[in-house]
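# Observations on the model geometry
Spelled out, the chains give:
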Amino acid sequence: MAIVVKLDDMLHDRRMTLTELADRIGMTLANLSILKTGKARAIRFSTLEAICDALTCQPGDILKHDASKEAVK
Amino acid sequence: MERTPPSSSAALPIANVVLRILIVINWVGGAAIAVLLLIMPHKQWIMTSLKLSPSPDADHVILGLRAIAVFGLVAIPLNYLILKRLVAIVDTVRAGDPFVAANADRLQSIAWTLLVLQILSMVIGAIGNAVSKLAQPVDIDAGFSINGWLAVLLIFLLARVFAEGTRMRDDLEGTV
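Residues numbered from 1 in each chain as written. Chains lettered and ligands numbered in written order. Predicted model: local features only at pLDDT ≥ 70, side-chain atom pairs only at ≥ 80, totals over all residues. Heavy atoms only, no water.

## Re the overall build of chain A
- In terms of helices and strands, chain A carries five helices and two strands.
- Expected size for 73 residues packed as a compact globule is a radius of gyration near 11 Å; at 12 Å, chain A falls within 12% of this value.
- Projecting the C-alpha coordinates of chain A onto the three principal axes gives extents of approximately 35 × 20 × 20 Å.
- Looking at chain A residue by residue over its 73 residues, the buried ones come to 33%.
- Long-range pairs, those at least 24 residues apart, make up 64% of the contacts in chain A with a sequence separation of at least 6.
- By element, 53% of the accessible surface of chain A is carried by carbon and sulfur atoms, the whole surface being about 4,900 Å².
- Averaging the positions of the 11 positive and the 10 negative side-chain charges in chain A gives two centres separated by 5 Å. (Helix = DSSP H or I, 4+ residues; strand = E, 2+ residues; numbered from the N terminus. Rg over C-alpha atoms; globule rule 2.2 N^0.38 Å. Buried < 20%, exposed > 50% of the residue type's maximum accessible area, 1.4 Å probe, protein only. Contact = heavy atoms within 4.5 Å. Areas by Shrake-Rupley, 256 points an atom, 1.4 Å probe, with all protein chains shown as cover. Lys, Arg positive; Asp, Glu negative; His and termini not counted. Charge placed at Lys NZ, Arg CZ, Asp CG, Glu CD.)

Shown next, in the form of structure tokens:
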């Protein structure tokens, strides 16, 4: 997938753990891990909004398009 | 994504039991046809039980009946394949996860098997008609069936629906 999730970098910048973020946005750690490891197929706007709220960032700070990464089904 | 809880409907255990009974009945039917085929070489026995007098027509009838029995025997493992796959599908529904690629494949193969069975039924019906004479009517419940062909079409469609449902299910599973 050419969409890269940069959640790790943002969490590092905000000095926040994945568990903390999961608690703040009311998501399960398992689902958040799926997103963080780039295994998610889709993200709801509501999830994106909650993450952006919690990390006070923009969607572009979390997601990046990298054309060099070939789309894998 | 949370999986749907296993269904508690009574229909599924009943379907499971009924299918397993049908599997047994199918094999018993197959054994009966096999026994019939073993007896059939005894021409005299058939002639007596059908009250046939020796004639070229009688030979045709016996040949036709043998052919029908052979085709009937061919249908037994095909029936088994369908029933076995239906049991597997019912099991996935009971487990609460019917939208899996395996079920789409199962339905697809059920549809192909039913198609073969429909053709077989037409062949058997044609043989029955060919050997049937006014003096010796052969009445066999086989032949072209609009309902049968409709079922084939519906199951092919259902297989596509399942394939699409599986794709959507996968998408939903990967949505956070």
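Structure's up, so let's keep going.
## Examining the interface of chain A and chain B
- Contact with chain A, which involves ten residues of that partner, is made by seven residues of chain B.
- There are one salt bridge connecting chain A and chain B.
- Applying the counting rule to chain A against chain B returns six residue pairs in polar contact (both at pLDDT 80 or more).
- Here the side of chain A that touches chain B takes three residues from helix α3 (residues 29-36) of chain A, the largest share from any one element.
- Its residues assigned to classes, the side of chain A that touches chain B comprises six nonpolar, two polar and two charged. (Salt bridge = Lys/Arg side-chain N within 4 Å of Asp/Glu carboxyl O. Polar contact = N/O pair within 3.5 Å; in protein donor to acceptor, adjacent residues only side chain to side chain. Nonpolar A, V, L, I, M, F, W, Y, C, P; charged D, E, K, R; others polar.)

## Quick look at the packing of helix α1 (residues 11-39) of chain B against helix α3 (residues 56-94) of chain B
All names here are of chain B.
- At a closest axis distance of 9 Å, the pairing of α1 and α3 adopts a crossing angle of 165 degrees. In this view, α1 runs roughly antiparallel relative to α3, as classed from their interaxial angle. Of the two elements, α1 crosses α3, and the hand of that crossing is left-handed.
- For the contact of α1 with α3, a count of residues per class yields 20 nonpolar, six polar and five charged. (Axes fitted to C-alpha atoms, helices over the stretch in contact; angles between N-to-C directions. Parallel < 35°, antiparallel > 145°, perpendicular 65-115°, else oblique. Left-handed = near helix turned anticlockwise from the far one by under 90°.)

## Topic: the pattern of salt bridges
- Taken as a whole and judged by the stated rule, the model has six salt bridges over all chains.
- Between A:R41 and B:D171 there is a salt bridge; the shortest N-O distance is 2.9 Å. Taken together, the residues A:R41 in the loop between α3 and α4 (45-55) and B:D171 in helix α5 (residues 146-173) connect one chain to another.
- Residue classification places A:R41 among the partly exposed positions, given a relative accessible area of 48%.

What is shown is where atoms sit, not what they do.
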